[in-house]
Amino acid sequence: MGEEGSACSRGHRPSLAVKTSEGGSICLVCFCNLISCPNSPSVHVSYAISQIAQALGDPLFLHALRQFHAHFLVAPLVDSLSFRSDEEIGRQTIELIADLSAVDGAVARDFIARIADRLSSGELGLGRCHIFTLHCFGMLLDRHADENPSNCIKVKEALVSNLVVGLHLPSEEIRGEILFVLYKLSIPHYADDDELFFRFCPRLLYLAVEALLKTQNDVVRINSLALLTVLARKGHFKDSFDDDKMSNNEKSDNFTQAECSAESSLLSLFADAVKGPLLSSDTQVQIRTLDLIFHSLSPAIDFSRQIGALLEKDVADYVFEILRLAADNDPLLQACVRVLGLLATAEQAFRQRLAMGFTTLVRVLRYVAEIPFHPAQSQVLRLVLTAISNSPGVVSRSQVEELSTIATGMFKRHSNGQMGMLRETFCTLCSTFGLLLEASSSRGIPNLPALVVEALRHAVLSSLNLPSRSDDQLLYALHFVKESYSYWLKNHEADPDVMEMREGLLELCENHILPSLQRFVEEVEEQDIVVGILEIFHLVLQQHDNQSVKFAGSLATSALFHLAFGCLGLYPSVQIKERVYLLLGLVAERLLGCENGKSISETAIDLPSDPLDLLFLLGQKSSNDSSLIRSQSAAFLILYMSSLYNARIADDKQILASLEQYLLVNSFNISNGLAGSLTLTQLIHLYSLSRVAGNEYQTPYCIEAEKILFQLMNRTNWDLFFPRIHKAAITWLFQQDGLTIPLSQQLLNSCRRYNRLHAIDRGSIDEMSEVHIIGELVKSGDNSAARLLVFLVKRLVELNQEDEATAVIDVMTAIINMFPFASNQFLLNGIGDSIHNVYHAADFSPRILLSCSLLFFNLLRPANPQLLSDQTAWLSITIKLISFLAPTLAINKCNHEGHLIISILSLILYHSENQALKEASTAIIFNSTLASSMHAIVQHACSRGPALMDHDEETSTGKTTLLVLFMCYFSLRRLVMNTPDSCRWQDYLPTISTTSALKLPCINCQDICRLIHFGSSSMKLVASHYLLELLIKISEEKRSNPHEIKCSVEYLQSLIALLQGLVFYSDIRVAMNCALCLSMILGWENFGWHEKQAINKDKWCRVIMEELALLLGTPSLASKTFTNQYKPAVYIAAALLKSEPTPRWIKSVFDNACISVIINNLSSINISVEIVQLFRELARSGYLNQEHINRLHHVFQACRQHVYLEIKKKRCAEEKFEQVLDVLENAPNVTRVLQSFMLASNTIVNSHLSQHQKLLEEIEGFIRELNNEIS
């Protein structure tokens, strides 16, 4: 140091003294001499270095130093660093070198060059100075990497050689510094070529690995790992691990004999060396070690020996342990998984280790599965897949469930767009899930089938619909579907939880895969995709059950035949051809029967791909060629199936021409049985359908070919309905006059089958397709089906073939049950004569008589009365039925047949109301024996008293009584409408002078009241209707002849009490009938004084009115229950208001307050006809004031608008008849049918007007009356 402007005390030139901003100067020569002298006191050297370091912060000093003396301090500092062992001075020197190098890049390069020269020129020792020099060199290389300091090193090979030799030194610290320097020199930025380090391998590798093995210092480990990783990336490990790569001479050039021996164990040494770093507590050391393992193996072409050595040293166990403890440390987790992926390539050696670490992999998969596009997802899945594949027993039940849940979640999030997934990950996930299903531990897991179905759905949807879909993804998804179905096939019988899985699989195939097939064919996707889909469909259809039949139907109705031949046209390969025809054959087997599709499957290779070629095949003569005959049978079946599902694969004209050609050249094959009856059936079907299409376009046809076909139909055994037939085809056949005999035989065969199957298991018949088709033909009426059935019955009865006749009758009954108005067609074709013949046959069994009765009942039920005009036949039938019924009815022992006959007679009486079957109904009405038996049954029922409640329609006597009541009801209506003068109505009322019994099949008022009071609910309903009809006629008679109708006061009181008690009965129909009866009685005008007193003193009428007012005033009026409950009482209120005089108490019930509350509770939606009628009578009686009228006007106006809207919305529905009368179960349906006719015949309750129309009419009448009063 010196003063400004003067030289130093040593006399050095002033130019070498650098000035500072504080006014002093530093003599650089003195500084260099001081630090360069080994004998200089350490204190002085340390101080001097600190002063220079401090002066560097002075801009003036720094500027002068850089401009004039930039490199002056380089050599002295390097010299000082190389011989001083003082720790502090060494640290200060390195820091000063770093500061000077940071100031000027040229100075840094100079430092690097000089230190490199120093390290190259002499051997390294154990002194601290060598450590300082190496550390400083490494620091400079690290900090100035961007300036390409490699060019400053003159003798790189000597430098590296000395450094490699220095690795032999026992000092761990110096080895660490050397390793760091070598690492920096080895990275591509410094190493101009790889040959430099290659010449020192494997010696360098061995020494570096040995250093890694011996050290416990994480810093040294990191330096060693860094160097080794760079060398591994350059491929030096590959060459060093390969003993055959280097000759003995080459080894001798670089190593001593001991080193050559040691090198041979480099692989083992490496395996031991990586264990320590893997156990380090420093995560970075673990990650770098895993990277080293990965890169040391990756470049090798065949590294099985290296992996084997690592596995022998249990390195895999260390990696699995790190992975287990990695938690959510993503870098460490990824490094572990990457190494395990390489180790897994040694399947046999790694199998046991992978099995032991499987639990860890499952936990890791759970973590990475939640993170979109996690780098380790795919690799972890591959490891899981490998583990399950190599060791199927490694996965436990709980792990299967967990892995299934994880996979399902991944598929779901991917399908919903919540989480992306790499293509490789998706494919591996599909394979993993499919392999899980093959594991034995997957059986018996309750929720696994549901998980599989959900996973499948999301996997298939994502592979079909996502924009990122690839063909690989779809192929793996389809493979997953096949694996899942195979799982179902293996386990569905033993595991009930798996049974429901198939429904989800079929839903997936039907709703998603099948629609996509058409799109794939249109877009000409890869052939493998189409093949995969067809294989799935084939696999699904192999199981023969209802679900597979349903799926086959879905395929057939989804343009399968168009798609099939589209595939054949787009993919002209044998694989596609075979797969398509095998699928078509299997679809035919499922839809038509187990054997029917074999002709397609067996000739799949021989069949052409073009539909026109199939037609050409039919036109070839095949009498001596069995192979051609089989191919023609397959062609017929394909055309037949396609026509059934309206999927024509060729033009109708071409099909017709081919069929005609076949008939002209190959009819001999059919007549001699070479082609088989099934081929004839299909030929008939196709020809008929082609003729229907030809008629539409006036296509000419070959008369000769048609004649041949009709001859074959007459001479050959064939089955019209087997397997199935198109509706248009069978309609055309039944319109041909020349086919009466064969079609009659076909109908008879179908009736036999129906009867046979019905006798075996009626549950197996669900609207048999054959009978349904025949029923449609009969209903349409444009063909001969009805005529032929009627003809069959008549002919079979004449031939005394009872079983066949019964079968035909049962089919006719079934047809009417399916199509009620088909009865009109049977009537038009003279079914009455056939029924007459059955009933009058001498030796027929009760079985055919029962079937005939069932048919007769069903004919009458929906029949048009105008068609029931054959009086002679119906009268004879009726008399015969009465003769059957009378003996059993007389002793009250009616059986099933007797109940049915009573029902038939009741329907005859019902139709007589419309001027039909008048003579037959008269025979019923005036049959004294029948009337006497019916009276006896009614009297017997009345005599039971309260015990009658236990005899409902479920019991034999109760059923008989109920049906007799129906018959009495219809008899009464027949008398009222057609023969009103045939009876005295006074006889129906009990009086003191009445002693004679009724001679007609009717019931007097007293007995019917007993039945109403004591009978069951069904009996109450019929009896109340009967009483209503009776009182209607008595009321009419009382108005016309008031003195002719008399009734005692006591009976009148008891009748009123009975009816009052049922006004609020639970069955609204009974309650309404009783209320109407009571209102009629209250409306009788010419009561005597005693009768009027009895009514005025009756307190129950007031109770009913109070209950009515309470119901109408409650806010719950809108509910249906309350709406129905008040209606009967309204009729009684109207009758009381009309009566003269009006009871005085009624004014107190319907006072102003009560009426106001009722009106306030009204709205546009709860007003009924009865409500309007009540207010109409209240207005007539003067109970409404002006405020009430105004409010009612407003409410009724709103109600009318609401009704108009409802009428617009409502659609007229056709009247539906119940399907009744099975052969075995008929009685409950019989009573329901008769009940429906009884309810429909009640003209008071059931008007021809709809409820909306009646309500509008009542409102209009109410408003009109008020307007008339005002005017």
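Everything discussed here concerns the structure shown above.
Overview of the structure. Just so we're clear, the structure is a prediction, and the values are computed from it rather than from any experiment.

## So, empty space enclosed by the protein
Working step 1: By the definition in use, this model includes six cavities of 30 Å³ or more.
Working step 2: In this structure, the largest cavity spans a volume of roughly 90 Å³.
Working step 3: Considering the residues around the largest cavity, the lining is formed by Leu62, Leu65, Arg66, His69, Ala70, Leu73, Val74, Leu100, Val103, Asp104, Val107 and Phe111.
Working step 4: For the lining of the largest cavity, the elements supplying multiple residues, two or more each, are helix 3 (59-68), helix 5 (87-103) and helix 6 (105-121).
Working step 5: The element that contributes the greatest number of residues to the lining of the largest cavity is helix 3, accounting for three residues.
Working step 6: By residue class, the composition of the lining of the largest cavity is nine nonpolar, one polar and two charged.

## Brief notes about the nonpolar core
Working step 1: Ranked by internal contacts, the top residues of the largest apolar core, which has 432 residues, are Phe537, Phe826, Leu1011, Phe1150 and Phe1175.
Working step 2: Those residues within four positions of Phe537 in sequence are excluded, and the remaining contacts are Cys509, Ile513, Leu514, Leu517, Phe551, Leu555 and Leu583.

## Focus: a negative patch on the surface
Working step 1: Taken together, the side chains of Asp497, Glu500, Glu503 and Glu507 define an acidic patch exposed on the protein surface.
Working step 2: Its location among the elements puts Glu507 in helix 30 (residues 501-523).
Working step 3: Overall, the relative accessible area of 33% leaves Glu507 in the partly exposed class.

## Notes on the pairing of strand 3 (residues 24-27)
Working step 1: What you see with strand 3 is no split at all: Gly24 and Ile26 on one side and Ser25 and Cys27 on the other are buried throughout.
Working step 2: Here three bridges tie strand 2 (residues 17-19) to strand 3, and the two strands are oriented antiparallel to one another. Bridged to Ala17 within strand 3 is Cys27.

## Things to note about the pattern of salt bridges
Working step 1: Under the criterion given, the structure shown has 38 salt bridges.
Working step 2: Lys184 is the partner of Asp142 in a salt bridge, and the nearest nitrogen-oxygen pair spans 2.6 Å. Taken together, the residues span a long stretch of sequence, with Asp142 in helix 7 (residues 128-143) and Lys184 in helix 9 (residues 172-186) at a distance of 42 residues.
Working step 3: Across the pair Lys275 and Asp272 runs a salt bridge whose closest N-O atoms are separated by 3.8 Å.

## Describing the side chain of Thr133
Working step 1: As for its placement among the helices and strands, Thr133 is situated in helix 7.
Working step 2: Discounting chain neighbours no more than four positions away, the residues touching Thr133 are Leu81, Ser82, Ile115 and Leu119.

## Remarks on the packing of aromatic side chains
Within a pair of aromatic rings, the relevant descriptors are the distance that separates the centres and the angle that separates the planes.
Working step 1: Summed over the entire model, instances satisfying the criterion amount to 17 aromatic pairs.
Working step 2: Between the aromatic rings of Phe411 and Phe426, the centroid separation amounts to 5.6 Å while the plane-to-plane angle is 80°, which identifies the pairing as edge-to-face. Remark: Phe426 occurs in helix 26 (residues 423-438) and Phe411 occurs in helix 25 (residues 397-415); sequence separation between them is 15 residues. With respect to burial, Phe411 and Phe426 carry one shared label: buried.
Working step 3: When the ring of Phe411 is compared with that of Phe480, the centres are 6.0 Å apart and the planes differ by 25°; the resulting orientation is stacked. Here Phe480 lies in helix 28 (residues 471-491) and Phe411 lies in helix 25, a separation of 69 residues in the sequence. The same class applies to Phe411 as to Phe480, namely buried.
Working step 4: Arg691 extends its terminal NZ or CZ atom over the ring of Tyr701, reaching a point 3.5 Å from the ring centre.
Working step 5: Sitting over the face of the ring of Tyr1183, Lys1147 holds its NZ or CZ atom 4.5 Å from the ring centroid.

Quick notes on the rules
Residues numbered from 1 in each chain as written. Predicted model: local features only at pLDDT ≥ 70, side-chain atom pairs only at ≥ 80, totals over all residues. Heavy atoms only, no water. 1 Å grid on protein atoms, 1.4 Å probe; cavity = no way out; pocket = protein on both sides within 12 Å on 5 of 7 lines; lining within 4 Å. Points joined across faces, edges and corners; volume = space filled by probe spheres on them. Helix = DSSP H or I, 4+ residues; strand = E, 2+ residues; numbered from the N terminus. Nonpolar A, V, L, I, M, F, W, Y, C, P; charged D, E, K, R; others polar. Core = buried A, V, L, I, M, F, W, Y, C linked by side-chain atoms within 4.5 Å. Buried < 20%, exposed > 50% of the residue type's maximum accessible area, 1.4 Å probe, protein only. Contact = heavy atoms within 4.5 Å. Patch = residues over 30% accessible without salt bridge, like charges linked within 9 Å, V, L, I, M, F, W, Y side chains within 5 Å. Areas by Shrake-Rupley, 256 points an atom, 1.4 Å probe, with all protein chains shown as cover. Salt bridge = Lys/Arg side-chain N within 4 Å of Asp/Glu carboxyl O. Lys, Arg positive; Asp, Glu negative; His and termini not counted. Charge placed at Lys NZ, Arg CZ, Asp CG, Glu CD. Pairing = 2+ DSSP bridges. Phe/Tyr/Trp six-rings, centres within 6.5 Å; stacked < 30°, edge-to-face > 60°. Lys NZ or Arg CZ within 6 Å of the ring centre and 35° of its normal.

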